[in-house]
Amino acid sequence: MSAILEVRGVGRRFGGLAALSAVSLAVAEGRTLGVIGPNGAGKSTLVNVVTGHLKPTSGRVLIDGRDLTGARPWTIAKAGVARTFQVVKPFRGMTVRENVMVAAVYGAGAGSRTTAAARRAADEVIERVGLAEHADRAPAELPVAVARRLELARALALRPRLLLLDEVLAGLRPAEIGPALELIRGLAADGMTIVIVEHVVRAIVAVSDEVLVLNEGKVLTSGPPDQVMSDPRVIEAYLGHRYAQRHLESGGGAGPVGGTS
Amino acid sequence: MRAAATARRAPGDGTGGGRYTRYGRYGPWAAGAAAVLAAIALQSQLYVGQERVVGSVFMFIVLAQGWNLIGGFAGYASFGQVVFFGLGGYTTAVLMAHARWPYWPALAVSGLVAAAFGALIGTPLLRLRGHYFAIATLGVAEGTREVVNNLTGLTGGGAGITVPTFGARATTAYLGEDGFYLLFLALAALALATAGLVTRSRFGLALRAIHQDEDAAASMGINTTRAKVSAFALSGLLGGLAGSAYTFQLVTVYPENMFDVSITVLMVIMVVIGGSGTLLGPLLGAVALQFISEWLRQSFTEAHTFILGAIIVVVVIVMPEGAVTYLREARRGRGFSPLANIRRYRL
Amino acid sequence: MSTFFQATLNGVLQGGLFALIAVGFSLVWGVMNVVNLAHGSFVVLGAYVAWELSNHAGIDPFLGMVGSAAALFALGYLIQRGLVNLVVNAPIFITLLLTFGLDLVLVQGMNIVFTGDFQAIRTSYASRGIGLPGGVQVPLGRLLTFAVAVAVTLALVALMGRTRTGLAIMATGMDRGAARLMGIRARHVYALTFGIAAGLAGAAGAMIGTVGTFHPADAARYTLISFVIAVLGGLGNMYGALAGGVVIGLAESWAGQYLSGTWSNAVAFAVLVVVLLVRPTGLIGRAFYEARQEA
């Protein structure tokens with residue numbers, strides 16, 4: 001199996017708290033995996049472990065078959081894995097374009113050798129994510145939705161083979177979610193392998209080939225979106241036991257897809 | 001020099017090659033060369049005492065540029081930077097006094113020893129952030145001074161160590177006031193050129209990214225550990241060279257003055273006054289502060305540190321971003337308002 | 001063996017005093033993320049206040065320390081309100097430089113007013129000793145200062161945990177934004193915290209003056225000691241300051257006994273660097289959220 005990302009039995013403890021335990025998953029080239037779960041389920045910890053910002057306390061992380069367990073973030077980035085941060089982390093002293101150029105200069109492979117090349121690469125990505133009109137602005141001036149696009153632009157400028165999106169829809173107004181999803185779907189259509197970690201369940205279903213549900217640091221279930229969404233255990237994890245029962249009794253089959261949870 | 005200052009934050013900044021489009025690629029180098037020639041021309045107009053003061057300005061340009069690499073660019077406020085100055089000085093003194101080396105190779109080795117020490121302590125210390133890094137470096141500097149103080153066989157301990165500079169025992173003849181003026185000038189030019197190269201290189205871009213968000217920098221593929229340690233070693237190199245020249249000039253040095261924490265503080269305040277993370281800031285700050293403090297020393301023998309302290313307090317409150325930043329903003333027509341600066345950081 | 005016991009006893013007694021020196025510094029760092037490099041000069045200034053009270057009014061230093069604490073509290077409150085609050089949100093080297101500038105002003109001011117000579121506050125009883133079996137001597141003055149230092153530190157713990165003011169300080173330290181929403185005036189709270197820290201430093205200075213000598217140049221040493229203890233004990237952790245003080249007191253005392261030359265001066269730094277590398281958050285953990293970023 002030609003998985004770009006393979007996570008084998010990964011666990012991560014913080015003191016006495018197991019944020020992740022025995023999590024396994026695999027993402028094949030060109031596929032989109034959605035990871036959902038309630039607050040504190042370990043979604044961001046999973047992203048941080050895969051991208052080297054946290055070392056796992058057990059298990060293995062393989063990228064393109066290479067064992068990169070506990071490798072530093074820049075090694076992971078050089079191996080072709082890009083990520084966005086849930087709390088945006090722009091370089092505040094640089095313009096939007098300069099932010100993206102940093103990624104273009106240091107990205108996977110050799111990166112852009114000259115200023116001109118980096119600038120061209122950055123402008124291409126900026127155009128693609130719809131940031132052109134903001135290119136010369138300072139990150140502090142950007143509204144949330146635009147700041148999230150900057151996160152995405154920097155990740156894309158790395159020319160990654162695998163893209164990890166950590167709650168890129170958080171804080172967006174309903175009207176802003178549609179275009180953002182359109183963008184992600186476009187990337188997937190171009191063959192990008194994507195892991196999207198989300199709180200907005202409906203969004204995940206719309207873009208994912210497969211969905212994995214985390215709860216209390218463990219994999220609750222995984223599979224095709226429809227199947228996962230109608231799993232009573234998933235409904236329960238999200239909305240509590242009582243709601244799940246009522247929901248099933250009333251014959252609702254579509255799962256907990258009431259929009260943002 | 002002006003050209004360099006204004007072009008620095010132009011769009012496309014920091015990615016190496018072709019950044020000085022408005023002023024031509026060689027403009028800053030030409031300006032730098034002109035400044036060096038002007039400084040050489042100035043020398044013949046100075047009295048011996050003035051020569052020494054201007055020489056000390058050059059020395060602080062080296063030290064301030066060094067601090068700026070790690071503190072200004074990378075954002076790691078080292079409060080033990082004097083350790084490189086002291087190590088460089090003592091390396092020179094020991095090589096000349098005990099191993100009978102001539103000065104010039106001792107100068108080179110002193111710089112390298114300080115740089116190696118920077119890489120050695122940087123690897124563990126640069127994992128610390130904020131105040132912890134600041135004070136850990138301070139601890140290393142104070143601890144190193146005590147080590148030098150106690151290795152009496154090698155360093156002479158508290159009694160000091162004397163470089164053989166005169167008569168038949170001299171390994172290299174004393175350079176004299178004129179010679180030291182030129183030596184410090186050359187080192188200052190080297191420091192400026194180094195800072196200039198860093199500013200326009202990929203390396204400089206990496207340091208700025210680390211300063212602004214280290215996690216994001218790492219996930220952009222920047223090896224943050226290597227970049228930080230390199231910056232620290234490079235700042236150590238500059239500090240070591242300055243300490244070596246200073247030791248040769250003073251002839252006899254003591255641990256208390258070679259590892260004096262106030263030298264570190266002078267570097268920091270010079271960078272802050274001038275503008276941290278800029279190319280010209282440390283230069284302006286070193287010139288301004290060193291002249292002011294010399295003038296205070298001569299005019300108010302007793303109260304000069306008192307006044308210097310008061311100046312630091314006022315400057316830090318009124319212009320925490322440094323002169324270069326305010327000049328740049330003033331040129332863009334935003335003016336300069338001390339109240340605006342206070343509003344930015346007050347509670 | 002008795003030299004060992006003597007050194008240990010001296011270290012513990014000195015450690016209590018160190019704790020009182022450091023506890024305010026640790027509190028300021030923990031609550032407002034300011035490393036006050038002028039802290040040591042507050043200590044020395046407190047010693048001078050008690051010294052003046054003793055010389056001119058014949059006030060016993062254990063009473064005079066109240067005067068020292070009050071004077072330094074006022075000075076600390078004003079410095080925070082008028083100066084430090086103006087740069088509290090700036091990058092750390094700005095606050096470091098500001099307080100270093102203050103330190104220069106205070107130390108040099110004391111040099112001008114009091115000269116750089118060593119001084120001591122004389123009492124009829126401080127140098128008396130209580131003999132223990134085995135030839136170990138307990139100096140009365142040091143025993144008293146130890147007791148007072150520990151009592152004041154414990155009183156501070158009570159103040160922080162039980163009073164409105166203390167709770168406001170702790171709340172502001174945990175989350176300034178949230179504290180503000182609850183109607184706590186952060187500016188005033190910060191100034192109070194800084195004032196309390198300076199007051200404690202002043203009291204510590206008065207006691208240093210009764211059991212030893214002092215002069216303006218000692219300020220840097222007390223600042224460094226405070227830093228080491230704050231890191232050891234955890235920021236804003238008052239019991240931690242006590243423990244850290246005793247650790248440093250013992251380390252210095254043993255080093256002074258068993259190492260030659262001036263190596264003992266390096267001991268505190270060695271402890272500091274090792275602790276920072278092994279456990280950057282201190283030995284005992286800290287009283288405030290670890291998650292709060294050091295800017």
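Residues numbered from 1 in each chain as written. Chains lettered and ligands numbered in written order. Predicted model: local features only at pLDDT ≥ 70, side-chain atom pairs only at ≥ 80, totals over all residues.

(A) The sheet that holds strand β1 (residues 3-14) of chain A, seen in detail. Residue and element names in this part refer to chain A. Read across the sheet, four strands follow the order β2-β1-β4-β5 without closing on themselves; strand pairing throughout is antiparallel. The two strands at the open ends of the sheet, each matched to only one other strand, are β2 (17-28) and β5 (66-67). Of the strand pairs in this sheet, β1 and β2 are connected by eight bridges, and their pairing is antiparallel. The residue of β2 that forms the bridge with leucine 5 is valine 27. (Pairing = 2+ DSSP bridges. Helix = DSSP H or I, 4+ residues; strand = E, 2+ residues; numbered from the N terminus.)

(B) Spatial organisation of the sheet that holds strand β3 (residues 32-36) of chain A. Residue and element names in this part refer to chain A. As summarised here, the arrangement of the six strands in space is β6-β7-β8-β3-β9-β10, forming an open sheet in which the pairing is mixed. The sheet is open, and its two edges are formed by β6 (81-83) and β10 (218-223), each paired on a single side. Taking each pair of neighbouring strands and ignoring which way they run, the sheet shows an average axis angle of 15°. The sheet contact formed by β6 and strand β7 (residues 162-166) spans three bridges and is parallel. Directly across from alanine 82, in β7, lies its bridge partner leucine 163. The sheet contacts of helix α1 (residues 43-50) involve β3, β6, β7, β8 (193-198) and β9 (210-215), and relative to β7 the element is tilted by about 150°. (Axes fitted to C-alpha atoms, helices over the stretch in contact; angles between N-to-C directions. Contact = placed C-beta atoms within 7 Å.)

(C) Representation of unusual backbone geometry in the model. One non-glycine residue, Val251(B), lies in positive phi territory at about 75°. Not every positive phi belongs to a glycine, and Thr115(C) is a case in point at roughly 65°. Using a count of 11 C-beta atoms within 10 Å as the deciding quantity, one classes Thr115(C) as exposed. (Buried ≥ 20, exposed ≤ 12 C-beta atoms within 10 Å, placed from the backbone.)

(D) Structural context of the arrangement of the chains. The chain pair with the greatest number of contacts, out of two pairs of chains in contact, is formed by chains B and C. Considering only C-alpha positions, the minimal separation of the non-contacting chain A and chain C is 13 Å.

(E) Just the interface of chain B and chain A, in detail. With 24 residues of chain B at the interface, the matching set in chain A holds 31 residues. Contributions of two or more residues to the side of chain B that touches chain A are made by α9 (202-212) and α10 (214-219) of chain B. Of the residues in the side of chain B that touches chain A, the class split is seven nonpolar, eleven polar and six charged. (Nonpolar A, V, L, I, M, F, W, Y, C, P; charged D, E, K, R; others polar.)

(F) The pairing of β3(A), seen in detail. All names here are of chain A. Counting buried residues in β3 gives five out of five residues, a clear majority hidden from the surface. Where burial is concerned, the two faces of β3 agree: the one with Thr32, Gly34 and Ile36 and the one with Leu33 and Val35 are both buried. Two strands pair when backbone bridges link them, and β3 and β8 are joined in this way by five bridges, in the parallel orientation. Residue pairing across strands places isoleucine 36 opposite glutamate 198, the latter belonging to β8. Relative to β9, β3 runs parallel, the two being bridged by four bridges. Within β9, the residue paired with valine 35 across the bridge is leucine 212.

(G) Highlighting the pairing of β8(A). Residue and element names in this part refer to chain A. Among the six residues of β8, six are classified as buried, and the element is accordingly described as predominantly covered. The two faces of β8 match: Thr193, Val195 and Val197 on one face and Ile194, Ile196 and Glu198 on the other face are all buried. Direction of pairing for β7 relative to β8: parallel, over a ladder of five bridges. Residue pairing across strands places leucine 164 opposite valine 195, the latter belonging to β8. Following the backbone out of β7, through helix α6 (residues 174-189) and into the adjacent parallel β8, one traces a crossover that is right-handed. (Right-handed = clockwise from strand over helix to strand, strands pointing away.)

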